[in-house]
Amino acid sequence: IDSLYRFNERHALGFSWYRVGLSGEKTLNQQIQINDQVIQAGATTQTGLSFNTYRLLYNYSFYRNDKVELGFSPGLYILKTNFNFAGQGTINGIAGNTALINEQVSIPLPSIGLVVNYNISPKLQFQSRYDYFYLNIGQYTGQMFELYAGLEYRLHEHFALGAAYDRLSAGAKSSGDQGFNVNFGYNLAYIYATLYAF
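These numbers come from a predicted model, not from an experiment.

A. A look at the overall build of the protein chain. When you go through the protein chain residue by residue, the secondary structure sums to zero helices and 11 strands. For the protein chain, the α and β elements follow one another from N to C terminus as β-β-β-β-β-β-β-β-β-β-β. Radius of gyration (C-alpha) of the protein chain: 22 Å, far over the 16 Å computed for a compact globule of 198 residues. Across its three principal axes, the protein chain shows a C-alpha extent of roughly 70 × 40 × 25 Å. Within the span of the protein chain, comprising 198 residues, buried residues form 34% of the whole.

Next up, the structure:
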């Protein structure tokens, strides 16, 4: 879900939500350890991993004409990671045991971005965004990079179809007593429809 509201030709506010979910089942062919759970080979497992990305941004178009729009775009990303694991087999030396693990991490990351849009024709537009963030304060380090590029064709004044590529890479870590290390990235290629209310 991606939305943008333009107050005027230079100022806009946007909100986005993306979700990527992965799941699988496997019989282990080697021993693994998750937290304090030692799970022997032969155990059956079910895993789920999901990434929810929420983004609030502000666009300021410092240059805009009939062909080109260039904008500065500060924003805030909130990355929510959820990991679920269920295993049954020999766990911590006990046969027929079950292990259930659920881990969640939410990471707020402010960003700074650049918007470049180009009207190839009155109905066809190239759209792109480049967002970046890096922070190192005390025991916390975070980084994020996102590249979005797409083509959108206006079929009607209030309706358009498009195709886009999105690459997101993000991570955060803490070296404290309750330290954590989260890194993930994804590549998305998709088609979409856009409704223009005004």
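B. Spatial organisation of the pattern of salt bridges. This model, assessed by the stated rule, comprises four salt bridges. Between Glu146 and Arg55 there is a salt bridge, with its nearest N and O atoms 3.3 Å apart. Placement of the pair is Glu146 in strand E9 (residues 140–156) and Arg55 in strand E5 (residues 44–64), with a sequence separation of 91 residues. Here Glu146 and Arg55 have matching classes, each one buried. Arg129 is the salt-bridge partner of Asp131, the closest N and O atoms lying 2.9 Å from each other. Bridged by salt links that share partners, the residues Arg55, Arg129, Asp131 and Glu146 form one connected network.

C. Region of the structure containing the environment of Ala86. Note that Ala86 resides in strand E6 (residues 68–91). Among the residues examined, Ala86 registers a relative accessible area of 22% and is labelled partly exposed. A C-alpha to C-alpha distance of 8.3 Å links Ala86 and Thr44, two positions 42 residues apart in sequence. The residues touching Ala86, leaving out its near neighbours within four places in the chain, are Thr44, Thr45, Gln46, Ala99 and Leu100.

D. Up close: the side chain of Asp166. Structurally, Asp166 can be placed in strand E10 (residues 159–174). Apart from residues no more than four positions distant in its own chain, Asp166 is found in contact with Tyr18, Glu146, Leu147, Tyr148, Tyr186, Asn187, Leu188 and Tyr190.

E. Main features of a nonpolar patch on the surface. Taken together, the side chains of Ile1, Tyr5, Phe7, Leu13, Phe15, Trp17, Tyr54, Leu56, Tyr58, Leu76, Ile78 and Phe198 present a nonpolar region at the surface, about 1,200 Å² in accessible area. Elements that contribute at least two residues to the nonpolar patch include exactly strand E2 (11–27), E5 and E6. Summarising the element assignment, Phe7 is placed in the loop between strand E1 (2–6) and E2. Look at Phe7 and you get exposed, because its relative accessible area is 52%.

F. Main features of the packing of aromatic side chains. Applying the stated criterion across every chain yields a total of two aromatic pairs. Where Tyr5 meets Phe7, the ring centres are 5.0 Å apart and the plane angle is 90°; that geometry is what we call edge-to-face. Judged by relative accessible area, which is 43%, Tyr5 ranks as partly exposed. Of note, Arg154 hangs over the ring of Tyr196, and the distance from its end group to the ring centre comes to 3.8 Å.

About the thresholds
Residues numbered from 1 in each chain as written. Predicted model: local features only at pLDDT ≥ 70, side-chain atom pairs only at ≥ 80, totals over all residues. Heavy atoms only, no water. Helix = DSSP H or I, 4+ residues; strand = E, 2+ residues; numbered from the N terminus. Rg over C-alpha atoms; globule rule 2.2 N^0.38 Å. Buried < 20%, exposed > 50% of the residue type's maximum accessible area, 1.4 Å probe, protein only. Salt bridge = Lys/Arg side-chain N within 4 Å of Asp/Glu carboxyl O. Contact = heavy atoms within 4.5 Å. Patch = residues over 30% accessible without salt bridge, like charges linked within 9 Å, V, L, I, M, F, W, Y side chains within 5 Å. Areas by Shrake-Rupley, 256 points an atom, 1.4 Å probe, with all protein chains shown as cover. Phe/Tyr/Trp six-rings, centres within 6.5 Å; stacked < 30°, edge-to-face > 60°. Lys NZ or Arg CZ within 6 Å of the ring centre and 35° of its normal.

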